[in-house]
Amino acid sequence: MAGRVLWDVDTQVDFVHPDGKLPVPGALDAVPAMARLVEAARAAGIPHVASADDHELTDPEISEQPDFQNTYPPHCLRATPGARRIPETEQADPVPLGLEDVPEKWLRGREFLLLKKSFDVFTNPNADRVLELLDPEEVVLFGVATDVCNDAAIRGLLARGRKVAFVEDASRGLDEARTAGCLATWRGNGVRFVTSDCPL
């Protein structure tokens, strides 16, 4: 069992940079905190698990008339600049994991990249496999957006009986009211709230 795992949610150009396809308000201000987390994890040898949207124009989430709840404008399209991870959270040598099961022999290393087409990272079957492999005492989670993919990841982790710490200053949400609701629910479910100064 690992002590902690750093769980990095969708810190991609389209979400973080103001000129991205689906910028999260204030996300750029959170980048220094994101960088501190990744640097601290690397220095301490803590596993860094990252998720990333890997969309195609035919995905159900992509719409020209989005409702911003279940559908969104085109973003993080495969092989586009907006789908790249920001330099501050870039992994050095990740194991890339798409939606197909990979042989067990490849599930090794300190960095894992879980590609997904849905809000919920656990729609990628390899997410469960990585979580079981690392078996952390606590998952330290950050990223964007708090009220969408962070929420889905935290709900999934709690449903799997995992302890979760949420790094507030390294995360941002799309909708203020919806974000506040998520935070209140997480607190009620025992999520620990921390900052990037001393999360690991």
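In case you missed it, the structure is sitting above this.
Residues numbered from 1 in each chain as written. Predicted model: local features only at pLDDT ≥ 70, side-chain atom pairs only at ≥ 80, totals over all residues. Heavy atoms only, no water.

### Looking at the packing of aromatic side chains
Next, step 1: The final tally for this structure, using the stated rule, is five aromatic pairs.
Next, step 2: Pairing Trp7 with Phe122 gives two aromatic rings, centres 6.1 Å apart and planes at 25 degrees, and the pair type is stacked. Of the two residues, Trp7 sits in strand 1 (residues 4-9) while Phe122 sits in the loop between strand 4 (111-116) and helix 3 (125-134), which places them 115 residues apart along the sequence. Both residues of the pair, Trp7 and Phe122, count as buried.
Next, step 3: Where Phe166 meets Trp186, the ring centres are 4.9 Å apart and the plane angle is 70 degrees; that geometry is what we call edge-to-face. Of the two residues, Phe166 sits in strand 6 (residues 164-172) while Trp186 sits in helix 5 (residues 176-188), which places them 20 residues apart along the sequence.
Next, step 4: Its relative accessible area of 1% is what places Trp186 among the buried residues.
Next, step 5: Chaining the aromatic ring pairs together yields one cluster made of Phe68, Tyr72 and Phe119.
Next, step 6: The side chain of Arg160 reaches across the aromatic face of Phe122, ending 3.8 Å from its centre.
Next, step 7: Positioned above the aromatic ring of Phe193 is the side chain of Arg187, whose terminal nitrogen or guanidinium carbon lies 3.8 Å from the ring centre. (Phe/Tyr/Trp six-rings, centres within 6.5 Å; stacked < 30°, edge-to-face > 60°. Helix = DSSP H or I, 4+ residues; strand = E, 2+ residues; numbered from the N terminus. Buried < 20%, exposed > 50% of the residue type's maximum accessible area, 1.4 Å probe, protein only. Lys NZ or Arg CZ within 6 Å of the ring centre and 35° of its normal.)

### Remarks on the side chain of Arg85
Next, step 1: Tracing the backbone through its elements, the reader meets Arg85 in the loop between strand 2 (48-53) and strand 3 (95-97).
Next, step 2: Engagement of the side chain of Arg85 in a polar contact is seen with the side chain of Asp8, the distance being 2.4 Å.
Next, step 3: Ignoring any residue separated from it by four or fewer positions in sequence, one finds Arg85 in contact with Asp8, Thr11, Gln12, Val13, His48, Ala50, Ser51, Glu90, Gln91 and Leu113. (Polar contact = N/O pair within 3.5 Å; in protein donor to acceptor, adjacent residues only side chain to side chain. Contact = heavy atoms within 4.5 Å.)

### Notes on the nonpolar core
Next, step 1: With 56 residues, the main nonpolar core has Trp7 and Leu141 as its most contacted residues.
Next, step 2: With residues up to four places along the chain from it excluded, the contact list for Trp7 reads Val49, Leu114, Val121, Phe122, Leu131, Val139, Val140, Leu141, Phe142 and Ala153. (Core = buried A, V, L, I, M, F, W, Y, C linked by side-chain atoms within 4.5 Å.)

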